[in-house]
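# Examining the three-dimensional arrangement
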Amino acid sequence: MNDQTNYGGTNYQVNTGENNTNIFYPEPEAPIVGIPHNLPLTHVEAFVGRSQELEQLHQQLQQDNRLAITAISGMGGIGKTELALQYARHHLEQETYPGGVCWLRARESDVGTQIVSFARSRLGLKVPEGLDLQEQMGWCWQHWREGAVLLILDDVTDYGLVQPYLPSADRFKLLITTRLQLGKSFQQLEIQVLQEAAALELLRALTDAERIDRQLETAKQLCQWLGYLPLGLELVGRYLAQKPDLALDEMLQRLEAKRLDARALKRVADGMTAQLGVAAAFELSWQELEGAAQELCYLLGWFGLAPVQWQWVESCFADGDPEDLEDLRDNQLIRLSLLQRSGERTYLLHQLIREFFQAKSIAYPHPEAVDELKRSICRVMVTIAPTVSEIPTSMEIARLTPAIPHLEAAAQHLIDFYSDEDLLGASTRVARFYAGQGQYQQAEPWYIAAYNTVSQRFGVSNPDVAISLDNLAGLYRSQGRYSEAEPLNLRALSIWEQQPGENHVSVATSFNNLAALYRSQGRYSEAEPLYLRALSIWEQRLGENHPDVATNLNNLAELYYAQKRYSEAEPLNLRALSIREQQLGENHPDVAISLNNLAELYRSQGRYSEAKPLLVRSLWIRRNHLGEKHPHVADSLNNLALLYYSQRQYNKAEPLLVQALSIREQQLGENHPDVAISLNNLAGLYRVQGRYSESELLHLRALSIREQQLGENHPDVAAHLNNLAEVYRSQGRYSEAESLYLRALSIREQRLGETHPDVAISLNNLAGLYYSQYRYSEAERLYTQALAVLFNSLGATNPNTQTTLNNFLYFLQQVMEAGQTTQLSDHPLTQDLIKQLRQQLGKTEE
């Protein structure tokens with residue numbers, strides 16, 4: 001810390017003379033009839049949101065057998081003076097204080113003179129001549145009018161200066177307004193900003209209520225930008241009243257553009273209790289800070305708009321004395337209500353004070369010192385979140401959530417102060433935090449920001465640019481935005497291929513990413529050579545037994561699995577498992593992944609006895625290494641449940657699916673994509689058990705999650721539509737099922753292309769529905785379309801093709817037995833299959 005006193009910066013003009021309020025004090029020639037008072041006039045048009053504070057204030061002042069002293073404290077602009085004034089005027093009407101209500105301007109140095117003047121002019125007391133001021137005051141207190149008395153000391157900056165003038169009798173009630181934290185010897189009433197409803201009500205009262213309600217969402221944004229600070233709200237409300245043609249969104253734009261220098265926040269209208277604009281009100285406290293405290297403010301202003309953990313601040317001043325830093329915080333910033341303690345070792349700035357601190361740091365005449373403070377924040381942000389998991393657990397989310405506003409603020413406002421090494425991670429960490437929770441829309445702008453920052457600093461051919469492109473493409477792939485993802489993957493691959501070394505491992509990574517995209521689109525023939533090239537590079541550069549080789553083997557096996565090329569997938573899964581066991585140990589979590597994949601392959605082939613021990617071992621590894629509540633444990637529980645489901649052991653499958661769902665909801669949040677998977681699987685179990693109402697509810701919830709996370713036209717949404725349609729079809733709710741099948745088909749045709757195997761699945765399902773409704777000609781047309789797609793994309797011997805072909809054969813057999821072949825077309829495939837069926841049945845065509 002630099003204990004400098006020549007701190008410079010922007011100085012907002014303030015009135016430090018008689019008072020900081022625009023108040024008129026009437027001075028009558030004779031004592032006032034009734035309860036004597038000298039309360040300022042007020043032109044407040046609406047005093048809202050403070051009823052609880054008024055009640056609490058009254059209770060604190062009504063202490064018997066002692067001098068009751070209550071201090072209204074809070075930041076500048078919070079409405080301390082107005083609260084005291086409204087309380088005093090209300091109880092003047094209620095005659096709560098028959099001995100009088102005396103308003104004293106504490107910023108002035110002559111509080112004693114003000115008291116004696118009140119006694120003479122309002123109480124009619126004739127103070128004896130020849131007494132000094134202290135003796136005059138003592139005489140006034142002894143001869144004061146009977147009854148309870150309310151004394152108000154407005155805007156106390158040093159209690160020690162006014163304390164000698166105060167009475168000691170318990171009938172005097174003392175109300176203080178101050179920005180200071182006066183300690184526990186006083187009853188404190190620290191007032192906070194307004195709630196949203198009260199803030200909106202204040203705007204309605206100051207301007208046209210219909211105008212506010214017509215633009216309600218923008219009005220809420222205005223209130224939020226102002227931090228619900230009464231002074232800011234009143235200034236903006238009166239400014240809007242003067243400009244009836246000014247739209248609220250334009251008002252918001254002016255605030256965002258000019259910040260505290262916006263005219264609306266500087267112009268004090270006639271009739272306002274406050275005389276100062278927002279920045280000028282804060283300037284009063286700023287001028288009382290030491291240079292080192294101001295330096296601390298420069299730093300705090302660049303953190304995010306959220307509680308700041310104090311260890312972060314200490315890390316920014318690593319060479320300073322932590323105790324000195326605490327003293328600056330406690331004895332200056334907190335004492336002057338510029339900073340608020342929000343929790344254990346956490347502190348919060350009001351957003352407008354944050355704006356004020358930023359403006360001060362920008363105007364500081366030694367920018368290199370402020371730049372170093374900004375760099376220190378960036379270094380701390382890197383230590384807070386060095387990495388973010390692909391699927392963060394609830395524990396990791398809980399740890400990172402308080403830091404995210406600060407990570408965002410640093411990535412948005414301090415990006416130029418990140419080192420080259422940390423630049424890419426600044427925005428990428430935030431993006432991964434959101435993407436890992438399925439919040440893809442929140443993640444996208446941060447991935448784009450990461451690309452923009454690295455390309456601007458390093459040029460468009462830098463390796464970090466390639467990484468940022470692959471990250472953004474991966475997000476688009478997760479959202480089913482394949483046409484947007486592909487050019488990004490191709491650009492990333494091109495950048496890597498330009499780097500020294502044709503077979504660099506990063507080239508293999510790009511091959512792998514592009515292959516994954518093609519696999520998602522069902523472009524299996526294009527994906528396979530890319531996976532093979534990536535595998536070849538990794539084997540050459542890393543060796544045949546490297547863990548990254550195992551990862552690529554796993555990906556290639558997944559491609560074959562999707563095509564039901566089980567005999568080719570199995571040796572790859574076995575080799576990947578062997579590498580991981582040898583290189584990582586038999587109980588490594590990556591071994592559990594391989595075990596799980598191999599087990600799923602066996603399950604799909606009906607090799608249940610071989611699949612079960614692998615799934616049990618995978619579950620054991622994950623529980624021991626990751627804990628009972630880890631999302632990967634939920635994955636293993638889910639897969640073991642699917643094994644039992646395949647064996648029709650529904651009573652064993654259900655508790656595992658319920659447990660997996662519970663873990664995912666707790667660890668990932670109720671709207672995570674993996675929760676939708678669990679809901680879908682449990683719903684499928686209930687459907688085959690005939691528990692249709694339970695199944696429907698779960699499918700609807702899963703569909704809602706996927707639509708929210710991925711959009712209404714994602715291929716995964718189509719899968720959920722298809723599954724819900726199956727429930728309706730099982731219940732005979734054909735019209736509802738048909739609309740869902742048709743929507744799923746439309747999504748798949750648009751997003752995957754008309755020749756994708758999943759399109760054939762939709763055609764097959766819709767055909768089955770039409771068969772159930774005796775709509776034979778429509779069903780036949782869809783079956784032939786589905787088989788044409790499958791023959792071309794997967795081949796005649798593929799299990800998916802064979803399943804659809806068997807469905808068509810069964811359909812034709814039933815039509816023949818019903819004597820309805822006249823409804824069928826002369827499609828070559830239909831006629832060939834009918835001929836085969838008749839031959840099998842020993843019949844000849846008539």
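Everything discussed here concerns the structure shown above.
Reading the values: the criteria
- Residues numbered from 1 in each chain as written.
- Predicted model: local features only at pLDDT ≥ 70, side-chain atom pairs only at ≥ 80, totals over all residues.
- Heavy atoms only, no water.
- Helix = DSSP H or I, 4+ residues; strand = E, 2+ residues; numbered from the N terminus.
- Rg over C-alpha atoms; globule rule 2.2 N^0.38 Å.
- Buried < 20%, exposed > 50% of the residue type's maximum accessible area, 1.4 Å probe, protein only.
- Contact = heavy atoms within 4.5 Å.
- Areas by Shrake-Rupley, 256 points an atom, 1.4 Å probe, with all protein chains shown as cover.
- Lys, Arg positive; Asp, Glu negative; His and termini not counted.
- Charge placed at Lys NZ, Arg CZ, Asp CG, Glu CD.
- Pairing = 2+ DSSP bridges.
- Axes fitted to C-alpha atoms, helices over the stretch in contact; angles between N-to-C directions.
- Phe/Tyr/Trp six-rings, centres within 6.5 Å; stacked < 30°, edge-to-face > 60°.
- Lys NZ or Arg CZ within 6 Å of the ring centre and 35° of its normal.
- Expected span 1.5 Å × (residues − 1).
- Parallel < 35°, antiparallel > 145°, perpendicular 65-115°, else oblique.
- Nonpolar A, V, L, I, M, F, W, Y, C, P; charged D, E, K, R; others polar.
- Salt bridge = Lys/Arg side-chain N within 4 Å of Asp/Glu carboxyl O.
- Core = buried A, V, L, I, M, F, W, Y, C linked by side-chain atoms within 4.5 Å.
- Polar contact = N/O pair within 3.5 Å; in protein donor to acceptor, adjacent residues only side chain to side chain.
- 1 Å grid on protein atoms, 1.4 Å probe; cavity = no way out; pocket = protein on both sides within 12 Å on 5 of 7 lines; lining within 4 Å.
- Points joined across faces, edges and corners; volume = space filled by probe spheres on them.
- Disulfide = S-S within 2.5 Å.
- Left-handed = near helix turned anticlockwise from the far one by under 90°.

### Digging into the overall build of the protein
A tally of regular secondary structure across the protein gives 38 helices and 8 strands. Against the compact-globule benchmark of 28 Å for 846 residues, the protein has a radius of gyration of 37 Å, which places it well outside the compact range. Considered along the principal axes of its C-alpha atoms, the protein spans approximately 135 × 60 × 50 Å. Looking at the protein residue by residue over its 846 residues, the buried ones come to 53%. Of the contacts made within the protein by residues no fewer than 6 positions apart, 68% connect residues no fewer than 24 positions apart. Of the roughly 37,100 Å² that the protein leaves accessible, carbon and sulfur atoms contribute 45%. Taking the 74 positively charged and 103 negatively charged side chains of the protein as two groups, their mean positions are separated by 4 Å.

### Structural notes on the sheet that holds strand 2 (residues 101-105)
What the 5 strands build is an open sheet, ordered 2-3-4-1-5; its pairing is parallel. Edge positions in the sheet fall to strand 2 and strand 5 (187-190), since each of these pairs with one other strand and no more. On average, adjacent strands in this sheet sit at an angle of 20° to one another, irrespective of strand direction. Strand direction decides the pairing type here: strand 3 (residues 149-156) and strand 4 (residues 172-178), joined by 6 bridges, are parallel. In the sheet register, Val 156 faces strand 4, and the bridge partner there is Thr 178.

### Examining the packing of aromatic side chains
Following the criterion strictly, the structure yields 23 aromatic pairs and no others. Taken together, a centroid distance of 6.2 Å and an interplanar angle of 85° make the contact between Tyr 774 and Tyr 776 edge-to-face. The exposed category is assigned to Tyr 774, whose relative accessible area is 59%. According to the relative accessible area criterion, Tyr 776 is buried, its value standing at 7%. Clustering of aromatic rings is evident, with ring pairs tying together Tyr 771, Tyr 774, Tyr 776, Tyr 783, Phe 808, Tyr 810 and Phe 811. The ring centre of Trp 310 lies 4.6 Å from the NZ or CZ of Arg 329, which sits over that ring. Over the ring of Trp 302 we find Lys 374; its NZ or CZ atom is 4.3 Å from the centre of that ring.

### Focus: helix 15 (residues 351-363)
It helps to recall that an α-helix has 3.6 residues per turn; residues three or four apart then point in one direction. When the terminal C-alpha atoms of helix 15 are compared, their 18 Å separation across 13 residues agrees well with the 18 Å that a helix rising 1.5 Å per residue should span. Those residues of helix 15 that fall on the buried side of the exposure criterion are Gln 351, Leu 352, Ile 353, Arg 354, Glu 355, Phe 356, Phe 357, Gln 358, Lys 360 and Ser 361. In the core, the buried residues of helix 15 are packed alongside helix 8 (216-225), helix 11 (278-286), helix 12 (291-300), helix 16 (367-384) and helix 18 (404-413).

### Some words on the sheet that holds strand 7 (residues 340-343)
Ordered in space as 6-8-7, the 3 strands form an open sheet in which the pairing is antiparallel. Single-partner strands in this sheet number two, and they are strand 6 (308-309) and strand 7. Two elements, strand 6 and strand 8 (residues 346-348), share 2 bridges in a ladder whose sense is antiparallel. For Gln 309, the partnering residue across the bridge sits in strand 8 and is Thr 346.

### Description of the packing of helix 6 (residues 196-206) against helix 8
Relative to each other, helix 6 and helix 8 sit at 110°, their axes nearing to 10 Å. By the angle between their axes, helix 6 is roughly perpendicular relative to helix 8. Counted together, Glu 196, Ala 199, Leu 200, Leu 203 and Arg 204 of helix 6 and Leu 216, Ala 219, Lys 220 and Cys 223 of helix 8 form the full contact between these two elements. Tallied by class, the residues present in the contact of helix 6 with helix 8 amount to 6 nonpolar, no polar and 3 charged.

### Overview of the pairing of strand 7
By the bridge criterion, 3 bridges tie strand 7 to strand 8 in an arrangement that is antiparallel. Of the residues in strand 8, the one forming a bridge with Gln 340 is Leu 348.

### Observations regarding the pattern of salt bridges
Taken as a whole, this structure holds 39 salt bridges when the rule is applied. A salt bridge links Asp 716 to Arg 706; the nearest nitrogen and oxygen atoms lie 2.6 Å apart. Taken together, the positions of Asp 716 in helix 33 (residues 715-730) and Arg 706 in helix 32 (residues 692-710) put the pair 10 residues apart, joining distant regions of the chain. Note on Asp 716: relative accessible area 31%, which makes it partly exposed. Linked through salt bridges whose partners overlap, the residues forming this network are Glu 201, Arg 204 and Asp 213.

### Focus: the nonpolar core
Generally speaking, nonpolar side chains in soluble globular proteins are found buried as a group. One finds Trp 144, Leu 153, Ile 176, Phe 303 and Val 313 to be the most contacted residues of the largest nonpolar core, which totals 280 residues. Among all residues touching Ile 176, those that are not within four sequence positions of it are Ile 69, Thr 70, Ala 71, Ile 72, Leu 153, Val 156, Tyr 159, Leu 182 and Phe 186.

### Observations regarding the side chain of Thr 177
Among the secondary structure elements, Thr 177 is positioned in strand 4. On the accessibility criterion, Thr 177 (1% relative accessible area) is buried. Among the polar contacts listed, one links the side chain of Thr 177 to the side chain of Asp 154, at a separation of 2.5 Å. Thr 177 has contacts with Ile 72, Lys 80, Thr 81, Ala 84, Leu 153, Asp 154, Asp 155 and Val 156, leaving out every residue within four places of it along the chain.

### Side note on empty space enclosed by the protein
Inspection of the entire model under this criterion finds 5 cavities of 30 Å³ or more. The computed volume of the largest cavity comes to approximately 550 Å³. Taken together, 33 residues line the largest cavity, and the ones lying closest to its centre are Gly 77, Ile 78, Gly 79, Lys 80 and Glu 82. Elements with a contribution of two residues or more to the lining of the largest cavity: helix 2 (80-93), strand 3, strand 4, helix 6 and helix 9 (230-242). A breakdown of the residues in the lining of the largest cavity according to their chemical character gives 14 nonpolar, 10 polar and 9 charged. Estimates place the volume of the second largest cavity at around 60 Å³. Arg 107, Asp 155, Val 156, Thr 157, Arg 179, Leu 180, Leu 284, Ser 285, Glu 288 and Leu 336 together form the lining of the second largest cavity. Elements with a minimum of two residues in the lining of the second largest cavity: strand 3 and helix 11. Across the lining of the second largest cavity, the residue classes tally to 4 nonpolar, 2 polar and 4 charged.

### A few points about unusual backbone geometry
At Asp 155, a position not held by glycine, the phi torsion is positive, near 65°. Take Asp 155: it is sitting in strand 3. Asp 155 gets classed as buried once you look at its relative accessible area, which sits at 8%. Its identity is not glycine, yet Arg 259 carries a phi of approximately 55°, on the positive side. You can see Arg 259 is positioned in the loop between helix 10 (248-258) and helix 11.

### Here we look at the state of the cysteines
This model, assessed by the stated rule, comprises 0 disulfides. In this structure Cys 316 is not part of a disulfide, and its nearest cysteine sulfur, from Cys 378, lies 9.2 Å away.

### Things to note about the packing of helix 29 (residues 631-646) against helix 31 (residues 673-688)
At a closest axis distance of 11 Å, the pairing of helix 29 and helix 31 adopts a crossing angle of 15°. Classified by the interaxial angle, the pair formed by helix 29 and helix 31 is roughly parallel. Of the two elements, helix 29 crosses helix 31, and the hand of that crossing is left-handed. Counting all contacts with helix 29, which are made through Asn 638, Leu 642 and Tyr 645, the residues of helix 31 involved are Asn 681, Gly 684, Leu 685 and Val 688. Here the contact of helix 29 with helix 31 is composed, by residue class, of 4 nonpolar, 3 polar and no charged.

### Focus: the side chain of His 37
Considering the arrangement of structural elements, one finds His 37 in the segment before helix 1 (51-61). For His 37, a relative accessible area of 17% translates into the label buried. A polar atom in the side chain of His 37 sits 3.1 Å from the backbone nitrogen of Leu 39.

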